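Listed below are the residues making up each chain.
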Amino acid sequence: MEKRNIRLAIQKGGRLSEKSLGLLRSCGLEIENYSNRLIVTAKNYELDILFLRDDDIPEYVQDGVADIGIVGQNVAAEKGVEIEYVKELGFSKCQLMIAIPQDYELSDISGLNGKTIATSYPNILKKYLSENNIVAKVIEISGSVEIAPSLGIADFICDIVSTGNTLKGNKLKKSFVVFNSEAVLIGNKAITENPEIQSILNDILGRMDSTIAAKGLKYLMMNVPKTNLDTITEIIPSVKSPSILPLATEDEVAVHTVIQKDKFWAIINDLKSNGATGILLLPIENMIS
Ligand code: PRP
Ligand code: ZN
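This structure is a prediction, so every number in the text was calculated from the model and none was measured.

Considerations on a positive patch on the surface
Part 1 of the argument: On the surface, Arg-15, Lys-19, Lys-93, Lys-215 and Lys-261 cluster together into a patch of positive charge.
Part 2 of the argument: Assignment of secondary structure puts Lys-261 in the loop between β14 (252-260) and α9 (264-273).

Written as structure tokens, this is what we have:
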């Protein structure tokens, strides 16, 4: 089989674009500025990146135009295509929700009966409604779904909610969660038949594991008086046992460890009052266990 680059499709200009590129870069791939280009080849890797509309990515992956792609689970599920779900990526988490006008009261799900709901996700929504024994009218709108109620086209909407700002800006509020979503790596079913492509994919997946494992973690370093070492190692919520290193000054040691970054500010005063000095918190790009 001819040797070629693996082809990865990502969203062109949208919620997932920057984070998808960020993930690839933290996997060590050098990707140049892609402004307005459809295909970019990584400088140091056998990978071509295709920039596409996210809604089109599942079909391109199914048809083999791209070998793999990064999309929201919501888009992959809506399209109902024959693809492999390779990996959950842990970013761009959001919910597909029914949203209703701010001044409307909906006490339970039966209140959806007889209503008109506008959405870009008719398949997922219809499945949800039938599972809940609701008879409602679903109308499909491809974009700007949130304006449908104020235009009088629909009573409610069913759309992706991330920060909730879009809903607020359109005087809507959340009601029921239809689908939880995050970015996923999807793959063409025939990938396994091409050993070259499969081996590149395995390498990429390994790199992604190490960046995903490092997410939310920071490297913490400080100098500590030997007399307070036990107290300080108890204060620090280390992910693994800390490293204790000797220093030129005999009464102090260096403590190196990995912590969840959101725990840092809660312990900083305790560290200082126990004599820790030279406290450094550093980013971790990759962690291989
Ligand atoms: C969704 C949705 C809203 C926005 C909500 O679009 O349609 O426009 O995100 O986000 P917020 O709660 O943070 O305001 P999406 O990113 O899926 O893009 P697309 O519909 O253009 O594909
Ligand atoms: Zn889209």
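Examining the pairing of strand β8 (residues 137-140)
Part 1 of the argument: Where strand β7 (residues 116-119) and β8 come together, 4 bridges link them in parallel fashion. Across the sheet, the residue bridging to Ala-118 is Ile-139, located in β8.
Part 2 of the argument: The β-α-β motif built from β7, the intervening helix α4 (residues 122-131) and the parallel element β8 has right-handed crossover chirality.

Focus on the coordination of the zinc ion (ligand 2)
Part 1 of the argument: Taken together, Asp-54 (OD) and Asp-55 (OD) make up the protein donors of the zinc ion (ligand 2), found 2.1 to 2.2 Å from the metal.
Part 2 of the argument: Of the residues examined, Asp-55 reaches a relative accessible area of 26% and is grouped as partly exposed.

With respect to the layout of surface pockets
Part 1 of the argument: If you add up the space inside the largest pocket, you get close to 490 Å³.
Part 2 of the argument: The wall of the largest pocket is formed by 24 residues, among which Arg-15, Tyr-121, Glu-146, Asp-159 and Ile-160 lie closest to the centre.
Part 3 of the argument: When contributions to the lining of the largest pocket are tallied by element, the ones reaching two or more residues are α3 (73-79), β9 (156-161) and α6 (165-169).
Part 4 of the argument: Here the residues of the lining of the largest pocket sort into 7 nonpolar, 12 polar and 5 charged.
Part 5 of the argument: In this model, the second largest pocket occupies a volume close to 420 Å³.
Part 6 of the argument: Lining the second largest pocket are 19 residues, and of these Ser-26, Thr-211, Ala-214, Lys-215 and Gly-216 sit closest to its centre.
Part 7 of the argument: Elements represented by at least two residues in the lining of the second largest pocket include exactly α1 (17-26), α7 (195-214) and β12 (217-225).
Part 8 of the argument: Top contributing element to the lining of the second largest pocket by residue count: α1, with 4 residues.

Observations regarding the side chain of Thr-116
Part 1 of the argument: Mapped onto the secondary structure, Thr-116 falls in strand β7.
Part 2 of the argument: Here Thr-116 falls in the buried class, since its relative accessible area comes to 17%.
Part 3 of the argument: Beyond its immediate sequence surroundings of up to four residues, Thr-116 is in contact with Lys-137, Ile-139, Ile-153, Ala-154, Asp-155 and Phe-156.

Some remarks on the pattern of salt bridges
Part 1 of the argument: This model, assessed by the stated rule, comprises 9 salt bridges.
Part 2 of the argument: Here Arg-53 makes a salt bridge to Asp-56, at a shortest N to O gap of 3.9 Å.
Part 3 of the argument: Judged by its relative accessible area of 29%, Asp-56 is partly exposed.
Part 4 of the argument: For Glu-131, the salt bridge identified is with Lys-127, shortest N-O distance 3.4 Å. With a gap of 4 residues between them, Glu-131 and Lys-127 both fall in helix α4, about one helical turn apart. For the pair formed by Glu-131 and Lys-127, the shared burial category is exposed.

Remarks on unusual backbone geometry
Part 1 of the argument: For Ser-92, which is not glycine, the phi dihedral falls at a positive 50 degrees.
Part 2 of the argument: When you line up the elements, Ser-92 lands in the loop between β5 (84-88) and β6 (94-101).
Part 3 of the argument: For Ser-92, a relative accessible area of 11% translates into the label buried.
Part 4 of the argument: Although it is not a glycine, Lys-171 sits at a positive phi angle of roughly 55 degrees.
Part 5 of the argument: The topology assignment puts Lys-171 in the loop between α6 and β10 (172-181).

What about the sheet that holds β7?
Part 1 of the argument: Taken together, 5 strands build an open sheet; the order of strands is β8-β7-β9-β6-β10 and the sheet is mixed. Every interior strand has two partners, whereas the edge strands, β8 and β10, have only one. Neighbour-to-neighbour, the strand axes of this sheet turn through a mean angle of 30 degrees, independent of strand direction.

Brief notes about the side chain of Glu-146
Part 1 of the argument: Tracing the chain through its elements places Glu-146 in the loop between β8 and α5 (148-151).
Part 2 of the argument: Here Glu-146 is buried and forms no salt bridge, its nearest opposite-charge partner Arg-15 lying at an N-O distance of 11 Å.
Part 3 of the argument: Residues in contact with Glu-146, not counting those within four places in the same chain, are Ile-157, Asp-159, Thr-166, Asn-170 and Leu-172.

Some remarks on the confidence of the model for the chain
Part 1 of the argument: Looking at the chain, the pLDDT average stands at 93 and 99% of residues meet or exceed 70.
Part 2 of the argument: Considering each helix and strand of the chain separately, the mean pLDDT is smallest for β5, with a value of 87, and largest for β7, with 98.

About the cut-offs
Residues numbered from 1 in each chain as written. Chains lettered and ligands numbered in written order. Predicted model: local features only at pLDDT ≥ 70, side-chain atom pairs only at ≥ 80, totals over all residues. Heavy atoms only, no water. Patch = residues over 30% accessible without salt bridge, like charges linked within 9 Å, V, L, I, M, F, W, Y side chains within 5 Å. Areas by Shrake-Rupley, 256 points an atom, 1.4 Å probe, with all protein chains shown as cover. Salt bridge = Lys/Arg side-chain N within 4 Å of Asp/Glu carboxyl O. Lys, Arg positive; Asp, Glu negative; His and termini not counted. Charge placed at Lys NZ, Arg CZ, Asp CG, Glu CD. Helix = DSSP H or I, 4+ residues; strand = E, 2+ residues; numbered from the N terminus. Pairing = 2+ DSSP bridges. Right-handed = clockwise from strand over helix to strand, strands pointing away. Donors = N, O, S within 2.8 Å, 3.2 Å for Na, K, Ca; no water. Buried < 20%, exposed > 50% of the residue type's maximum accessible area, 1.4 Å probe, protein only. 1 Å grid on protein atoms, 1.4 Å probe; cavity = no way out; pocket = protein on both sides within 12 Å on 5 of 7 lines; lining within 4 Å. Points joined across faces, edges and corners; volume = space filled by probe spheres on them. Nonpolar A, V, L, I, M, F, W, Y, C, P; charged D, E, K, R; others polar. Contact = heavy atoms within 4.5 Å. Axes fitted to C-alpha atoms, helices over the stretch in contact; angles between N-to-C directions. pLDDT = per-residue confidence, 0-100.

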